[in-house]
Amino acid sequence: MSPPFPSDRQPGDLPNPPSSQPANRPSASSPATTPNRPNDPKSRTSGVDGSLTAPGFDDLEKTPYADLQKIDSLDVDAKPDDGTTQGELFDTDPPPWELETPEDTAIASVVFRDAPFGPYDYRIPEQFRDVLQPGMRVHVPLGRRKQPTTGWCIETKLGSSGGRNLSDVADVLDGEPLCDRPLVRLVTWMSHYYQSPAGQVFDALIPSSVRSQAGTRQRTYLSPAPITKDNAAVEALPPKQQRALRLLIASGRPMTESQLMVHADCTAAPIRALRKKGMVTENKQRELSSGMTTRWQVGDGEQVEKHTLTDEQTAALRQITGAVDSAEPRTLLLHGVTGSGKTEVYIQAIEHVVKFGRAAIVLVPEISLTPQTRGRFERRFQSVAVLHSQMTPAERHYQWQRIRRGEVQVVVGPRSAVFAPLPRLGLIILDEEHDGSFKQDSQPRYHARKVAYARARSLKIPLLLGSATPSLESWYATETGHAELISMPNRVGNRPMPDVQLVDLRLKDERSMGGSISRRLHQAVNETLHEKGQVILLLNRRGFATTIQCPACGHVVACPECELPLTHHRDGSKAVCHYCDYTIATPPWCPECRFDGIRYSGLGTQKLEVEVKARFPKARVARMDSDTMRRPGSHQKVLAAFRSGEIDLLLGTQMIAKGLDFPNVLLVGVINADAALHFPDFRAGERTFQLVTQVAGRTGRGSRGGRVIVQTFSPEHMAIQAASRHDYIQFAKAEIANRRKFNYPPLGSIARIIIRGSIEDVTEATACLLLQRLESARERLGAEVRLLGPAPPPIVKLRGKYRFHLLLQSIDPLQLGATIRMATKSFKIPEKDDVQYVVDIDPLDML
Ligand SMILES: Nc1ncnc2c1ncn2[C@@H]1O[C@H](COP(=O)(O)OP(=O)(O)OP(=O)(O)O)[C@@H](O)[C@H]1O
Ligand SMILES: [Zn+2]
């Protein structure tokens, strides 16, 4: 296991990664250098398992926004019992000012997306008192110049203005709240836990297409004005106007100007005259533009029927429906091996939920939003909303409105679908719950699993997590009683798990001459193609060559912004930075010494494709990675061709590793299993285990069996050994023991603060300043938090900015959060320094 910090630290830098003997650390001045050992459950400071649960959520449930500071008191043992029921959560309370006493003022708390973030109080003027609710947007004056600004109302209350001269809410922008009250509370909790301004959390929750009402337009409808009841007034009009008006009266419904023009067979002029004379009233309405359709994609040809459940599936389903019926916010982890039929269990669990008039959310990794996944849900339920990244803003808005109106039984989508505004939610499911794409890597840096947990809790509904390779966070939660384990250790139809062979690339006999496919793998591919079986080859690196280096002077062509080697792409002969997309034409000679023989080395999927086509000229080959899958529908096209047998061999990045269910795949080859093993990240082993196990699971799914060949330079590594035996439990045991030594998640919590700036010294100085503030916050709070850094992260420069990071560790996520909150509260960096920092709570990315 590698520590998250590079070991070749500069002198004077901070302590090494937390060691197994924390008591021996040099900076012993603070108690925080000896965090509690998690081995002893009694030593836990809060009893809150921060890895899966949503720390602080219960407290926040009851706490109005203004009282958030109380959470910082670390008094986490005094947890209020959350007595809210879903019924109450959805009822609209009578507006509090019905009980008004004369000196009380109606006040709205408003937050903003840009600094200053608020919340600030505003007076609600008379005309908005019955209108304004939390979850609506408002226009309010902000700052000394009273700049009109859009903000979100998070609370309405009655109170005294306390002698303050409150400004008035200038306008209410929404007719109905865009978030119901439980969702507003979720925003509040997320803002607190992830230390992200509530105004920005709202923006993550409500798609921009909804905020801008994409795909709608304003139309003006005309109706006869009251004065037209006076027949004399109508008769006094010129003939054309009279005719148009009489038609409008006779039709008995409002019409737009153009409708009336057609109807009355006239020009716009008489209608305009009627408006001017006040003979018609105008009414503006926002409507979906005509021609609004959802592009229902066709499936990839898979036949979907309802299966009779196996015994294991039946038992799993019973546990889940039991949880649904209990109306308790239980968390369930469905650990089912690849091909155990988890999807069928999800579907029947949702059928149970739908029977009672409730709805469900199914979160899947973006990559798994294949036609296959969609088809399985779309064909089994009457109304499914599939949310995906290729929707137009108008489609997204349309689906959001359907969901909110309660017209949808199942929402299937990536992480942001956790916010789907279903009015009667009964179950949340995360499929492939271990997947890294559930964590957002921009503000607010939330993890959908944790947000789903919080949302499910507030609604008192179950959360179902499913995976063949659960995250250690979820696995550990089952060991500590925070989640219930459901196991499906066998494949459907008693199909055996595929046999996995390791090829040791260190041995010369195993390697092949000039290429990346070993003899054994070459032979297996040949045999499989001969038997008319299909092959999947995994190489988790796109591009052609991953380094461009001059053999004469050693110069490596690198990104000027990130200082990382550029990857050569053969199509168009470009050199691309995979971190920031910086692209140049690949230099034909060394840009340093002009040597005319620059070398491309390191293997990417493009080069593998060339090799495969040369080795197996008769095979029909397709490549799947983010370069070939840019156009909408390309994914679907390739998978449909693979299902129908028009493609024999599919090669690609992790995109092909997950979820695919093709019975004729008889061979899976992993080109280099070590690719991610030696990353400077404590999760490297876990990621490798997951990737190899998942891709191995793509074979042996039909009656013809299947086998797996894994090429590796570290065949003895625990992660690769366990994956080759499909032994999750062995892996989890060993890995948890490893993490325990360092208090790494899930045994403790971590947070990361990344500081970036254009001048290296200034950036580092800012990082040091922040460290000092963290140290003093820790002292004042008496918090048991370990501080590491600032150190340069593995990626020292990104998009032209120098980077440093600070790492915080604690057994107690609440103490961790409180320390950061206190340290950053009034931390201002002078603008001239051009330094920014971001707080990442529960980071997944350590680069
Ligand atoms: N009870 C059943 N009887 C027969 N076939 C079944 C049954 N349940 C599921 N299947 C089929 O088994 C195959 C595997 O199911 P599914 O794709 O849901 O597996 P999974 O557990 O999600 O696997 P993975 O984790 O690898 O994605 C599918 O083709 C599915 O249609
Ligand atoms: Zn770059």
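Owing to the predicted nature of the structure, the values given are computational and were not obtained by experimental measurement.

Chemist: Explain the packing of helix H3 (residues 181-193) against helix H14 (residues 448-459) here, please?
Modeler: Any two packed helices are characterised by how steeply their axes cross, that is the angle between the axes, and by the distance between the axes. Where H3 meets H14, the closest approach of the two axes is 10 Å, and the angle between their N-to-C directions is 140 degrees. Relative to H14, H3 is oriented oblique. The interaxial crossing formed by H3 with H14 has right-handed handedness. Across the interface between the two elements, Pro182, Arg185, Leu186, Trp189 and Met190 of H3 pack against Val451, Ala454, Arg455, Ser458 and Leu459 of H14.

Chemist: Explain the confidence of the model for the chain here, please?
Modeler: Fine structural detail should not be taken from predicted coordinates in areas where pLDDT scores are low. Taken as a whole, the chain shows an average pLDDT of 83; of its residues, 86% reach a score of 70 or greater. Every residue in residues 1-48 scores below 50 in pLDDT, and together they form 90 contacts with partners more than four places removed in sequence or on other chains. Low pLDDT (under 50) marks residues 61-102, which in the prediction has 53 contacts with non-local residues, meaning those over four places away or in another chain.

Chemist: How should I be thinking about the UniProt feature "binding site: Zn(2+) 1" (unreviewed entry) in the chain in this particular structure?
Modeler: Using the residue numbers shown here, the UniProt feature "binding site: Zn(2+) 1" (unreviewed entry) corresponds to Cys550, Cys553, Cys590 and Cys593. In three dimensions, the annotated residues from a span of 44 residues occupy one location, with a maximal C-alpha spread of 8.5 Å. Relative to the helices and strands, Cys550 resides in the loop between strand E18 (547-549) and strand E19 (567-569). Along the chain, Cys590 turns up in the loop between strand E21 (583-585) and strand E22 (599-601). Setting aside chain neighbours within four positions, we find Cys590 in contact with Cys550, Ala552, Cys553, His555, Phe595 and Ile598.

Chemist: What exactly am I supposed to notice about the domain arrangement of the chain here?
Modeler: When the parts come together, some accessible area is lost, and that loss is often what is quoted as the size of the interface. Taken domain by domain, the chain comprises domain 1 (1-83 + 748-847), domain 2 (86-206), domain 3 (216-288), domain 4 (311-488) and domain 5 (497-542 + 604-741). Its C-alpha centre places domain 3 at a distance of 51 Å from the equivalent point of domain 4.

Chemist: Just to check I follow, could you spell out helix H12 (residues 371-378) for this structure?
Modeler: Counted residue by residue, H12 has seven buried out of eight residues, so it is predominantly covered. If you check which residues of H12 are buried, you get Pro371, Gln372, Thr373, Arg374, Arg376, Phe377 and Glu378. Tucked inside the fold, the buried residues of H12 contact helix H11 (342-355), strand E10 (359-363), strand E11 (384-386), strand E12 (410-413) and helix H18 (634-643).

Chemist: How should the packing of helix H10 (residues 311-326) against H11 be read in this particular structure?
Modeler: Packing of H10 against H11 brings their axes to within 10 Å, and their N-to-C directions diverge by 35 degrees. Note on packing geometry: the crossing formed by H10 with H11 is right-handed. Across from Gln313, Ala316, Leu317, Ile320, Thr321 and Val324 in H10, the residues of H11 making contact are Glu344, Val345, Gln348, Ala349, His352 and Val353. Grouping the constituent residues of the contact of H10 with H11 by class yields seven nonpolar, four polar and one charged.

Chemist: Can you walk me through the UniProt feature "binding site: Zn(2+) 2" (unreviewed entry) in the chain in this structure?
Modeler: Residues annotated by UniProt as "binding site: Zn(2+) 2" (unreviewed entry) correspond here to Cys559, Cys562, Cys577 and Cys580. Relative to the helices and strands, Cys577 resides in the loop between strand E20 (574-576) and E21. Residue placement: Cys580 occurs in the loop between E20 and E21.

Chemist: How do you make sense of the sheet that holds strand E16 (residues 499-504) when you look at a structure like this?
Modeler: Through backbone hydrogen bonds, the strands of a sheet pair up, either in parallel or in antiparallel fashion. Across the sheet, six strands lie side by side as E16-E26-E25-E17-E24-E23; this open sheet has parallel pairing. Strand pairing shows two members of the sheet lacking a second neighbour, E16 and strand E23 (621-624), which therefore form its edges. Put simply, the sheet's adjacent strands are angled 15 degrees from each other on average, direction ignored. The pairing of E16 with strand E26 (residues 707-712) spans six bridges and is parallel. In the sheet register, Asp499 faces E26, and the bridge partner there is Arg707. Of the strands in this sheet, E16, strand E17 (534-538), strand E25 (665-670) and E26 touch helix H16 (residues 519-530), which is tilted by about 160 degrees from E25.

Chemist: Honestly, the sheet that holds strand E14 (residues 463-467) in this entry has me stumped. Any pointers?
Modeler: Here seven strands make up an open sheet; going across it, the order is E11-E12-E10-E13-E14-E9-E15 and the pairing parallel. The strands lining the two open edges of the sheet, one partner per strand, are E11 and strand E15 (484-488). Shown here is a sheet whose adjacent strand axes are inclined to one another by a mean of 15 degrees, direction ignored. Two strands pair when backbone bridges link them, and strand E9 (residues 331-336) and E15 are joined in this way by five bridges, in the parallel orientation. Counted as the bridge partner of Leu332 is Glu484 from E15. Here helix H15 (residues 472-479) sits on the sheet in contact with E9, E14 and E15, set at roughly 115 degrees to E9.

Chemist: Any chance you could explain the site of ligand 1 here in plain terms?
Modeler: Taken together, 19 residues sit near ligand 1, with His307, Thr338, Gly341, Lys342 and Thr343 positioned nearest. The element that contributes the greatest number of residues to the shell around ligand 1 is H11, accounting for three residues. For the shell around ligand 1, the residue count by class is three nonpolar, 13 polar and three charged. Mapping the shell around ligand 1 onto the domain boundaries places at least three of its residues in each of domain 4 (311-488) and domain 5 (497-542 + 604-741).

Chemist: I'm lost on the nonpolar core in this one. Help?
Modeler: When a protein is soluble and globular, its nonpolar side chains tend to lie buried together. Counting residues in hydrophobic clusters, the biggest one holds 174 residues, and the most contacted among them are Ile361, Leu363 and Val411. Residues within four places of Val411 in sequence aside, it is in contact with Ile361, Ala385, Leu387, Ile403, Ala417, Ala420 and Leu422.

Cut-offs applied
Residues take numbers from 1 onward in each chain, read along the sequence in its written order. The lettering of chains begins at A and the numbering of ligands begins at 1, in the order of writing. Selection of residues for local features in this predicted model requires a pLDDT of at least 70, selection of side-chain atom pairs for listing and counting requires 80 or more, and totals for whole chains, interfaces and linings are taken over all residues. For helices, the fitted axis covers only the stretch in contact; all axes are lines through C-alpha atoms, and the angles between them, taken along N-to-C directions, range from 0 to 180 degrees. Secondary structure is summarised from DSSP: a helix means a run of H or I of at least four residues, a strand means a run of E of at least two, and numbering begins at the N terminus for each. To sort the angles, those under 35 degrees are grouped as roughly parallel, those over 145 as roughly antiparallel, those from 65 to 115 as roughly perpendicular, and the leftovers as oblique. A clockwise turn of the near helix away from the far one marks a right-handed crossing, whereas an anticlockwise turn of less than a right angle marks a left-handed crossing. We call two residues in contact if the C-beta atoms placed from their backbones are at most 7 Å apart. Confidence of the predictor in every single residue is expressed as pLDDT, which spans 0 to 100. UniProt positions are given in the numbering used here, feature names are shortened, and annotations may be inferred rather than shown by experiment. Residue ranges labeled as domains rest on an automatic or database domain assignment. Any residue with 12 or fewer other C-beta atoms within 10 Å of its own C-beta is exposed, any with 20 or more is buried, and the rest are partly exposed; the C-beta atoms used are placed from the backbone. Gly falls in the polar group here, along with every residue not listed as nonpolar (Ala, Val, Leu, Ile, Met, Phe, Trp, Tyr, Cys, Pro) or charged (Asp, Glu, Lys, Arg). DSSP-based pairing: two strands are paired if at least 2 bridges between them are found. We call a residue near a molecule or strand when its C-beta atom, built from the backbone, sits within 6 Å of it. By our criterion, buried Ala, Val, Leu, Ile, Met, Phe, Trp, Tyr and Cys residues that link up through C-beta atoms within 7 Å make up a nonpolar core.

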